[in-house]
Amino acid sequence: MSRVISLSEAASIGIHGIILVARGEGLVNVQTIADATDTSRHHVAKVMQRLVKEGFLASQRGPRGGFVLKKKAK
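Residues numbered from 1 in each chain as written. Predicted model: local features only at pLDDT ≥ 70, side-chain atom pairs only at ≥ 80, totals over all residues. Heavy atoms only, no water.

**Looking at the pairing of strand β2 (residues 66–69)**
Part 1 of the argument: Direction of pairing for strand β1 (residues 57–60) relative to β2: antiparallel, over a ladder of four bridges. Looking at β2, one finds that A58 is bridged to V68.
Part 2 of the argument: Hairpin remark: β1 followed by β2, antiparallel, with five residues in the connecting loop; positive phi at G62, about 110°. (Pairing = 2+ DSSP bridges. Helix = DSSP H or I, 4+ residues; strand = E, 2+ residues; numbered from the N terminus.)

See below:
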């Protein structure tokens, strides 16, 4: 069976990352997203920072940092 839609790895990480952040309580860190998507921690960090820059997420730096949605999930 052929694919209905084809996404780049970055797009897939972005979509899954936003879903994980929306379902999480509080900050969700890069390692959690990388483990869930079975991808490189560095690639996840780059994609998530792009989502912060575009205004979808807010980030907090540091060892206890992570990402949260800018707007409430509906």
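**A short note on the nonpolar core**
Part 1 of the argument: Core analysis: the largest hydrophobic core is formed by 13 residues, its most contacted members being V21, I33, V44, M48, L57 and F67.
Part 2 of the argument: Elements with a minimum of two residues in this core: α1 (9–23), α2 (30–37) and α3 (41–53).
Part 3 of the argument: Looking at this core, the element that brings in the most residues is α3, giving five residues.
Part 4 of the argument: Apart from residues no more than four positions distant in its own chain, F67 is found in contact with V21, G26, L27, V28, V30, M48, Q49, V52, L57, A58 and S59. (Core = buried A, V, L, I, M, F, W, Y, C linked by side-chain atoms within 4.5 Å. Buried < 20%, exposed > 50% of the residue type's maximum accessible area, 1.4 Å probe, protein only. Contact = heavy atoms within 4.5 Å.)

**So, α2**
Part 1 of the argument: If you check which residues of α2 are buried, you get V30, I33, A34 and T37. The buried residues of α2 occupy one face: seen down the axis, they fall within an arc of 100°. For α2, the exposed residues lying more than 90 degrees away from the buried face are D35 and A36.
Part 2 of the argument: Turning to α2, the residues buried within the fold contact α1, α3 and β2.
Part 3 of the argument: D38, located one to two residues past α2, shows a positive phi value of around 55°. (Arc of directions from axis to C-beta.)

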